[in-house]
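# Structure assessment
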Amino acid sequence: MRVAIAGFGFMGRMHYGCWKKVAGAEVVALCDRDKRQFEASAAANGNVAGADVSCDYGKAEIFEDFGRMLEEAAPGLVDITLPTFLHVPMACQALAKGIHVLCEKPMALTAADCDTLLAAWKAAPAGTELMIGQCLRFRNEYAYAKRLIESGVYGRVIAARFGRYSAAPGWTRDGGKSWFFDESLSGGVALDLHIHDTDMVHFLFGLPRSVTSSAYYDNDGAMIHISTLYDVGGASVTAEGGWGMAKSFGFERAFQIVFERATLVMASNRTPEFCLYPMEGKPFVPELPASDPYQNEINWFMDKIGGGAVESVTSPEESRDSVRIVDAEKASARSGKSVCL
Ligand SMILES: NC(=O)c1ccc[n+]([C@@H]2O[C@H](COP(=O)([O-])OP(=O)(O)OC[C@H]3O[C@@H](n4cnc5c(N)ncnc54)[C@H](O)[C@@H]3O)[C@@H](O)[C@H]2O)c1
């Protein structure tokens, strides 16, 4: 597979490191409009480790223009790790040429924009695949939680909460206020950060019937923190996300799922990070294979393209619905009322 990566910031570097480990794939092109991203000094910073790839770009040709890259490098697959407002136009361009697209989350700025991308995918030459990188679905702890919920081994879920907290993102290289702070470019904290947990609620409990959210906005009207109660029927399920934390706080992702006969806890700043507390017997750390979610999602997509039997983990329609839930959360926070889905 001839692979091209568009956008060589934090996520582009992260994905590049993964693609190098995929047998049968070769990164033939990298594209970023900012040439400095390819300099030796351009080590990426982000909220998770793994993006510090070396500056050995192998045989990959470097481009500044996306369209030119598609024409000249003729990739079979393009991995879009561009700022969110560019996901739909760039992905549509590639799909129209029959190029498979892996696109970073969130799928688009709004559910309506997601529908534009879905329509472009349906209109693409037969066999062209599209995947949105909602990476938590490929993270072992969340997959383990899904297995526990589905097996019912510890009974039904009583309550669950999910959270994601960080300082404001500051890892882009364009100086000043980055694109992340402009809601028209990133969708703001609800779509950029909190969608990971929204998508987890969706993945583990299905599409909620309604959402009830509250949010804090800064003096410029930008959302800084959001908390949501999801009506999933039965369990009490909440999630919150914010980037108003102090820089020294760093980053934390966490969840807690209370079953009738056990509690499952994951918190990136706690030791052990992941632990199951049964009502009977001692707490234990579930044994999980050591694997990287970005690598897992890329491997899964390659298997899917290859026609192999893959577990049904994600679909573009589900990614659209996660954006739809976030749209509803934003509307609920603004109106102070519950919003039905
Ligand atoms: N899955 C995850 O865990 C995760 C984490 C962080 C970001 N993301 C998502 O990944 C995407 C990218 O985020 P990031 O943190 O890598 O951003 P970033 O700002 O670090 O990188 C984006 C890169 O795109 C380049 N770019 C901008 N416009 C371009 C254009 N027209 N043509 C070519 N290059 C262009 C920029 O120069 C920059 O290098 C966003 O959608 C974000 O939400 C996902």
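As a reminder, the structure under discussion sits directly above these lines.
Residues numbered from 1 in each chain as written. Predicted model: local features only at pLDDT ≥ 70, side-chain atom pairs only at ≥ 80, totals over all residues.

## Considering the overall build of the protein
- Within the protein, the regular secondary structure consists of nine helices and 14 strands.
- Against the compact-globule benchmark of 20 Å for 341 residues, the protein has a radius of gyration of 20 Å, which places it among compact chains.
- Referenced to the eigenvectors of the C-alpha coordinate spread, the extents of the protein come out at roughly 60 × 45 × 40 Å.
- In the protein, the share of contacts with a sequence separation of at least 24, taken over all contacts with a separation of at least 6, comes to 71%. (Helix = DSSP H or I, 4+ residues; strand = E, 2+ residues; numbered from the N terminus. Rg over C-alpha atoms; globule rule 2.2 N^0.38 Å. Contact = placed C-beta atoms within 7 Å.)

## A closer look at the site of the ligand
- In the neighbourhood of the ligand, 25 residues make up the surrounding shell, with Gly7, Gly9, Phe10, Met11 and Glu104 lying closest.
- Counting residues per element, the shell around the ligand draws most heavily on helix H1 (residues 10-19), at three residues.
- Looking at which domains feed residues into the shell around the ligand, each of domain 1 (2-133) and domain 2 (136-340) gives three or more. (Near = placed C-beta within 6 Å. Domains from an automatic or database assignment.)

## Let's talk about helix H9 (residues 316-335)
- The terminal C-alpha atoms of H9 lie 29 Å apart, and with 20 residues this matches the ideal 28 Å at 1.5 Å per residue to within 8%.
- After H9 finishes, the residue Gly336 shows a positive phi value of roughly 75°. (Expected span 1.5 Å × (residues − 1).)

## A word on the sheet that holds strand E11 (residues 251-259)
- If you walk across this open sheet you meet the eight strands as E13-E12-E11-E7-E10-E9-E8-E14, and the pairing is mixed. Pairing within the sheet leaves two strands with one partner each, and these edge strands are strand E13 (274-278) and strand E14 (339-340).
- Along the sheet face, helix H5 (residues 140-151) touches strand E7 (157-166), E11, strand E12 (262-267) and E13 and points at about 165° away from the line of E12.
- Each of E7, strand E9 (223-231) and strand E10 (236-242) touches helix H7 (residues 188-205); the most contacted strand, E10, lies at about 155° to it. (Pairing = 2+ DSSP bridges. Axes fitted to C-alpha atoms, helices over the stretch in contact; angles between N-to-C directions.)

All we've got here are geometric facts, nothing functional implied.
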